[in-house]
Structure formats: C-alpha cells, structure tokens
Amino acid sequence: MRLQGKTALVTAAGQGIGHASVLALAAEGAQVWATDVNEKLLERFDGVANVKTARLDVLDKAAIAALVKSLPTLDVLFNCAGVVHNGSVLDAADADLEFAFSLNVRAQFWTIQAVLPGMLAAGRGSIINMASVCSSMKGLPNRFVYGTTKAAVLGLTKSVAADYVTKGIRCNAVCPGTVDTPSLGDRINANADPEEARKAFIARQPMGRLARAEEIAPVVVFLASDESVFATGQAFTVDGGIMI
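Residues numbered from 1 in each chain as written. Predicted model: local features only at pLDDT ≥ 70, side-chain atom pairs only at ≥ 80, totals over all residues. Heavy atoms only, no water.

Draft legend 1. Summary view of the overall build of the protein. Counting its regular elements, the protein contains eight helices and seven strands. If you line up the protein on its principal axes, its C-alpha atoms span 50 × 40 × 35 Å. Burial analysis of the protein (244 residues in total) assigns 49% to the buried set. Counted over contacts in the protein with a minimum sequence separation of 6, partners at least 24 positions apart contribute 69%. Entry remark: accessible area of the protein is about 11200 Å², with carbon and sulfur atoms responsible for 54%. (Helix = DSSP H or I, 4+ residues; strand = E, 2+ residues; numbered from the N terminus. Buried < 20%, exposed > 50% of the residue type's maximum accessible area, 1.4 Å probe, protein only. Contact = heavy atoms within 4.5 Å. Areas by Shrake-Rupley, 256 points an atom, 1.4 Å probe, with all protein chains shown as cover.)

In structure tokens:
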C-alpha cells in the first residue's frame, strides 16, 4: 500500500472528486479525514476502513484551525472544495466573484496556513489543490468567475511550492477537464434544456465523453504518495484532451 502510515485531510469529501479521492487514498492505506459542510453526505463513509469524518465549513477560518489542531500531524492535504459560476465578465456580479474567491482560493489559503506548521515540524507534507484547465491554462466560454479564481489557485500553488521546496513540503494542483459529478449535474439541470446542455459539455471534450470522478482520484493518490516526491509547483492536467 503506497500510503501506509500517512494521514490525509480532504475537503468537500461528500461527493464527486472529493468522495472518490477519499476512497482511493484509504484503499492505499492512508488514514483519511473526510470533511464536508454537509454532514449528511459524510454518512456515505460509515463503515469504510481507514476513513473518519468531520463536519467542516472551509469558509470558517476558526473551524479549520480547530479541526487541524485536533488531528494528528497531516502528511497530505487535498483542498477539493470549490464552486462554479456561469457567465461572462458582463454577467458577473461582485458577490459572485467575492464568494468564488472565498471558496476557491481563500479557503485553500486558510487550510494551508493551518496544516503547514505541523508539516514543517515533521519535515514532510504534500499539499494538493483543486484547480482546473479553465484557469490561466485556458479560457473557456462563460466561465469568467471560475477561470479567474482557478488561475489564482495555480498562483497560490506555485508560491507555496517555491517557499517550502527545501523544507520537505510539496504543493501541486490537479487540473481536470469536465467531470461528471453531482455538482455538474445540478448545473446541467438548471438549464432550460438539460439534454442539450449535457451535449454541449461533452462536445468540448476531445475524447467525446465526460470524465468520471474515479478517473481523477488516481492523480490525487500519486501526488499524495512518495512516488511523486520530486514533483512540486506543478499543474497536473487530467482533461480528456482539452489542452492538446
């Protein structure tokens, strides 16, 4: 087992990529703390080996600090929480941008600040941030708020990696294409014609299909493991060919 003896914290673990990643990390032997603001979703982990759960609102800095203080020293942090807004720059409201920066960027900043002292004391740690190909890597239509904030995640990732590259701490980002998650389903169903909306999402994937969350999780496992020990400050693209 590649992660035997490691302890990991995953945010937004109740569904989608977060859920799949918790299962994959635990299957490789890690002790995983699965967190989510929705405690009901965490019930999916009842009885799963190597998984403990805790409610966590990543928009609450004090709650993050309190949870991390109560846990053993973490070897892995996977910042998976995030939100997607639809629309162009002319459609964006100040409140949309503020909320997206809070959840997509500031929450990662807070969790990293909370876990880093313990990682530095231990001389090791892997921080994994959820970004996207829709960021500084590529512009996608009607994703102004999302692309702007995910570009900030890539900047955050590289800055943390640069500051701690000599301290045993690595920081990388995962950049998926379009993944068939409950969150995507909600956005698709909010359209006047959900069937056409799904077709449009599929059409922008060169492979001709959406990714499954279980196809992103192995990258998270790789970055959590010592197999990736020489990788830091990188954006790992898992996009079905969008960036070709």
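We are not done yet, so read on.
Draft legend 2. Examining the environment of His19 more closely. Relative to the elements of secondary structure, His19 occurs in helix α1 (residues 16-27). Distance in space between the C-alpha atoms of His19 and Thr35 is 9.6 Å, their sequence separation being 16 residues. With residues up to four places along the chain from it excluded, the contact list for His19 reads Ala12, Ala13, Gly14, Arg44 and Phe45.

Draft legend 3. Structural view of the packing of aromatic side chains. Evaluated as defined, the whole model comprises one aromatic pair. Ring plane angle 65° and centroid distance 6.1 Å describe the contact between Phe222 and Phe236, whose orientation is recorded as edge-to-face. Here the residue Phe222 occupies a position in helix α8 (residues 217-224), and Phe236 occupies one in strand β7 (residues 235-238), the gap between them amounting to 14 residues. (Phe/Tyr/Trp six-rings, centres within 6.5 Å; stacked < 30°, edge-to-face > 60°.)

Draft legend 4. The arrangement of the environment of Val238 in detail. In this structure, Val238 sits in strand β7. A relative accessible area of 21% means that Val238 is categorised as partly exposed. For the pair Val238 and Val179, spaced 59 residues apart in the sequence, the C-alpha separation amounts to 9.8 Å. With residues up to four places along the chain from it excluded, the contact list for Val238 reads Cys175, Pro176, Gly177, Glu215, Ile216 and Val219.

Draft legend 5. The layout of surface pockets, seen in detail. Roughly 930 Å³ of internal volume is contained in the largest pocket. Cys80, Gly82, Val83, Val84 and Ser183 are, among the 43 residues lining the largest pocket, the residues nearest its centre. Elements with a contribution of two residues or more to the lining of the largest pocket: α1, β2 (31-36), α4 (94-122), α5 (144-164) and α6 (182-189). The dominant element in the lining of the largest pocket, judged by the number of residues it contributes, is α6, at five residues. Residues that form the lining of the largest pocket fall into these classes: 25 nonpolar, eleven polar and seven charged. (1 Å grid on protein atoms, 1.4 Å probe; cavity = no way out; pocket = protein on both sides within 12 Å on 5 of 7 lines; lining within 4 Å. Points joined across faces, edges and corners; volume = space filled by probe spheres on them. Nonpolar A, V, L, I, M, F, W, Y, C, P; charged D, E, K, R; others polar.)

Draft legend 6. Inspection of the sheet that holds strand β5 (residues 125-130) at higher detail. The parallel open sheet is built from seven strands, whose spatial order is β3-β2-β1-β4-β5-β6-β7. Pairing within the sheet leaves two strands with one partner each, and these edge strands are β3 (51-55) and β7. Adjacent strand axes in the sheet meet at a mean angle of 20° when their direction is disregarded. Pairing between β5 and strand β6 (residues 169-176): six bridges, direction parallel. Paired with Gly125 across the two strands is Ile169, which belongs to β6. Along the sheet face, α5 touches β5, β6 and β7 and points at about 160° away from the line of β6. (Pairing = 2+ DSSP bridges. Axes fitted to C-alpha atoms, helices over the stretch in contact; angles between N-to-C directions.)

Draft legend 7. Fine view of the pattern of salt bridges. This structure, assessed with the given rule, holds eleven salt bridges. Across the pair Glu43 and Lys40 runs a salt bridge whose closest N-O atoms are separated by 3.3 Å. For Glu43, a relative accessible area of 40% gives the class partly exposed. Residue Lys40 is classed as exposed on the basis of its relative accessible area, which comes to 57%. Via salt bridges that share partners, Arg209, Arg212, Glu214 and Glu215 belong to a single interconnected network. (Salt bridge = Lys/Arg side-chain N within 4 Å of Asp/Glu carboxyl O.)

Draft legend 8. Region of interest: the state of the cysteines. Inspection of the entire model under this criterion finds zero disulfides. Not part of a disulfide, Cys80 finds its nearest cysteine sulfur in Cys175, a span of 13 Å. Owing to a relative accessible area of 12%, Cys80 belongs among the buried residues under this scheme. Distance from the sulfur of Cys134, which forms no disulfide, to the nearest cysteine sulfur (Cys175) is 11 Å. Its relative accessible area of 3% is what places Cys134 among the buried residues. (Disulfide = S-S within 2.5 Å.)

Draft legend 9. Local environment of the packing of helix α3 (residues 61-70) against α4. In contact at an axis separation of 9 Å, α3 and α4 are set at 30° when each is read in the N-to-C sense. Classified by the angle between their axes, α3 and α4 sit roughly parallel to one another. Here the hand of the crossing between α3 and α4 comes out right-handed. Touching Lys61, Ile64 and Val68 of α3 are Ala107, Trp110, Thr111, Gln113, Ala114 and Val115, all from α4. Classifying every residue of the contact of α3 with α4 by side-chain character gives six nonpolar, two polar and one charged. (Parallel < 35°, antiparallel > 145°, perpendicular 65-115°, else oblique. Left-handed = near helix turned anticlockwise from the far one by under 90°.)

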